[in-house]
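Analysis of the macromolecular model
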Amino acid sequence: MAVERTLSIIKPDATRRNLTGKIIDKFESAGLRVVAQKRARWSQADAEKFYAVHAERPFYNDLVAFMTSGPIVLQVLEGEGAVAKNREVMGATNPADAAVGTIRKEFAESIEANSVHGSDSAENAAIEIAMCFSDGEIVG
Ligand code: IDP
Ligand code: MG
């Protein structure tokens, strides 16, 4: 399998509860490497743009409000099959469905406040990474 990069976001519910270290440990322990990282506070426009793909979904406005409710940590993760590996470590969208040992099973508060975002395909990973980082910010 090829070495890939994927976009990861630690969401406001997790920064609020001081869980960033525990969450990053899950990625690193699974063999993913943090090659770019920054803490940010999204504006409404930032969140609307990032989640534009979900604009027609009933939870869109609540999701934008949630993602702007506190600081987030944006990261590029790199590794063999990083897109699928990250999704595996994150667990299912709804923590009630997430497997034991996954981030969402251990830390998520709800289907919305589910602690992490991860790109769902290599194509979307490239788009999301470009939205959040300049080339010079990805430092290995
Ligand atoms: P994913 O984050 O597992 O890829 P998506 O379906 O892409 O899940 O949804 C994006 C985000 O929207 C989720 O991570 C979650 O924060 C929120 N979300 C998804 N489904 C619901 C829902 O049914 N109610 C409230 N929020 C939701
Ligand atoms: Mg998604």
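1. Considerations on the site of ligand 1
Taken together, Lys11, His54, Phe59, Leu63, Arg87, Thr93, Arg104, Ile111, Glu112 and Asn114 make up the full set of residues near ligand 1. Note that an oxygen atom of ligand 1 is positioned 3.0 Å from one of the side-chain N or O atoms of His54. Between Asn114 and ligand 1, the recorded distance is 3.0 Å, taken from a side-chain N or O atom to an oxygen atom. Expressed as a share of its isolated accessible area of 530 Å², the protein-covered part of ligand 1 is 79%.

2. Considering helix α4 (residues 60–67)
Of all the positions in α4, only Tyr60, Leu63, Val64, Phe66 and Met67 are classed as buried. Projected onto a plane normal to the axis of α4, the buried residues spread over an arc of 160° and lie on a single side. In α4, the exposed residues that point more than 90 degrees away from the buried face are Asn61 and Asp62. Buried-residue contacts for α4 involve β1 (3–10), α1 (12–16), α3 (44–50) and β3 (72–80).

3. Focus on helix α5 (residues 82–90)
Among all positions of α5, only Ala82, Val83, Asn86, Val89 and Met90 are buried. Axial view of α5: buried residues confined to an arc of 135°, hence all on one face. In this structure, the buried residues of α5 make contact with β1, α2 (20–29), β3, α6 (103–107), β4 (116–118) and α7 (122–132). Among the residues trailing α5, Gly91 stands out with phi positive, at a value near 90°.

About the criteria used
Residues numbered from 1 in each chain as written. Chains lettered and ligands numbered in written order. Predicted model: local features only at pLDDT ≥ 70, side-chain atom pairs only at ≥ 80, totals over all residues. Heavy atoms only, no water. Near = heavy atom within 4 Å. Polar contact = N/O pair within 3.5 Å; in protein donor to acceptor, adjacent residues only side chain to side chain. Areas by Shrake-Rupley, 256 points an atom, 1.4 Å probe, with all protein chains shown as cover. Buried < 20%, exposed > 50% of the residue type's maximum accessible area, 1.4 Å probe, protein only. Helix = DSSP H or I, 4+ residues; strand = E, 2+ residues; numbered from the N terminus. Arc of directions from axis to C-beta. Contact = heavy atoms within 4.5 Å.

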